[in-house]
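The chain contents come next:
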Amino acid sequence: GGVGGRAPDVEMWHNAPMSSTADLSEATLRELYELRNVVDELIEEGMVKRWSVSECLGAILPKVTETLGVAGGFVETYGEDLNLHLFASGTGDRPLAIPGKTDVWARTTEEKRERVNAKHDQSLVVAQHLDVAGEWFGRAGLVGAPDADPARLAEALNAVCEVLDNYLYSIKAMREKHVIMMQL
């Protein structure tokens with residue numbers, strides 16, 4: 001833990017575009033810190049075990065949805081083949097349904113890069129674009145209950161995306177290096 005029972009390394013949140021640390025409760029900061037750690041540890045495990053993007057996101061998404069208590073999560077990003085792929089995790093054995101998917105995709109394009117907070121009859125969808133070193137690299141989102149706290153889910157999604165950005169950048173760089181080496 002940190003000093004005086006406060007979450008350690010709280011300063012890392014000062015760049016979060018959704019809100020400032022002053023707007024977040026200590027419990028929320030702890031939850032975000034723990035979530036970032038869980039995702040970071042899974043990424044590290046995946047790198048050590050040389051998991052593919054699919055395997056890595058296949059481990060991360062269920063853990064994120066379980067931790068946040070949401071119906072599901074999704075990431076559409078580039079795989080090792082540099083093509084866009086949708087990775088999703090829902091509850092149970094059913095594939096994740098993304099309510100308003102067409103709208104979510106339209107609002108999180110490279111051109112728009114919006115943050116989505118869309119309430120539907122049976123769910124709440126929060127989504128945002130993935131930004132890897134300033135370059136659009138896909139989108140990610142969470143599907144929660146209609147009465148879920150949209151600010152909490154948006155903050156959690158942003159925290160996950162920040163950790164994923166670094167991982168995806170390393171994948172992108174490794175893949176580009178491989179392509180160049182194969183051309184030589």
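Please read these numbers as outputs of a predicted model, since none were measured by experiment.

In this structure, what is going on with the confidence of the model for the protein chain? I would like to understand it.
Detailed reading of the predicted coordinates is not advisable wherever pLDDT is low. A residue-level look at the protein chain finds 88% of positions with pLDDT of 70 or above and a mean pLDDT of 86. Of the regions scoring below 50 in pLDDT, residues 1-19 engages in 31 contacts with residues more than four places distant in sequence or in other chains.

Quick question: what am I supposed to make of the sheet that holds strand β5 (residues 135-144) here?
Backbone hydrogen bonds hold the strands of a sheet together, and the pairing may be parallel or antiparallel. Strand order in the open sheet made by the 5 strands is β2-β1-β5-β4-β3, with antiparallel pairing throughout. Of all the strands in the sheet, the pair left with one neighbour each is β2 (84-90) and β3 (116-119). Strand-to-strand twist across the sheet, computed as the mean angle between neighbouring axes with direction ignored, equals 15°. Contacting β1 (72-78), β2 and β5, helix α2 (residues 53-68) runs over the sheet at an angle of about 150° to β1. Seen against the sheet, helix α4 (residues 150-183) touches β1, β3, β4 (124-132) and β5 and runs at an angle of roughly 30° to β4.

Even after reading the chapter, I still don't get the packing of aromatic side chains, so can you show me in this structure?
Between two aromatic rings, the relevant description is the distance of the centres plus the angle of the planes. Tallying each qualifying case throughout the model produces 2 aromatic pairs. A cation sits over an aromatic face here: K101 above W105, 5.0 Å from the ring centre.

Just to check I follow, could you spell out helix α1 (residues 26-48) for this structure?
Residues spaced three or four apart along an α-helix face the same direction, because each turn holds 3.6 residues. The first and last C-alpha atoms of α1 sit 33 Å apart over 23 residues, in line with the 33 Å expected at 1.5 Å per residue. Within α1, the full set of buried residues consists of L29, L32, Y33, L35, R36, V39, L42, I43 and G46. Among the structural elements, α2 and α4 are those in contact with the buried residues of α1. R50 sits one or two residues past α1 and shows a positive phi near 60°.

Conventions and cut-offs
The residue count restarts for each chain, going from 1 along the sequence in the order it is written. Only residues with pLDDT of at least 70 get local features here, since the model is predicted, and only at 80 or more are side-chain atom pairs given and counted; chain-wide, interface and lining totals rely on the full set of residues. Only heavy atoms go into the side-chain values, all of them from the structure, while hydrogens and water stay out. One number per residue, pLDDT, summarises how confident the predictor is, and it ranges from 0 to 100. In this description, contact between two residues means that some pair of their heavy atoms is separated by no more than 4.5 Å. For two strands to count as paired, DSSP must find a minimum of two bridges between them. Counting from the N terminus, the helices are DSSP H or I runs at least four residues long and the strands are E runs at least two residues long. Helix axes are fitted to C-alpha atoms over the stretch in contact, other axes to C-alpha atoms as well, and angles between N-to-C directions run from 0 to 180 degrees. Pairing of aromatic rings covers Phe, Tyr and Trp, the last through its six-membered ring, and needs centres within 6.5 Å; plane angles under 30 degrees mean stacked, over 60 mean edge-to-face, and all others mean tilted. Working rule: Lys NZ or Arg CZ, within 6 Å of ring centre, within 35 degrees of ring normal, means a charge sits over the ring. Between the first and last residue of a helix there are one fewer steps than residues, each counted as 1.5 Å, and that sum is the expected span. Note on classification: 1.4 Å probe, protein chains only; a residue is buried when its accessible area is under 20% of the maximum for its type, exposed when over 50%, partly exposed between these limits.

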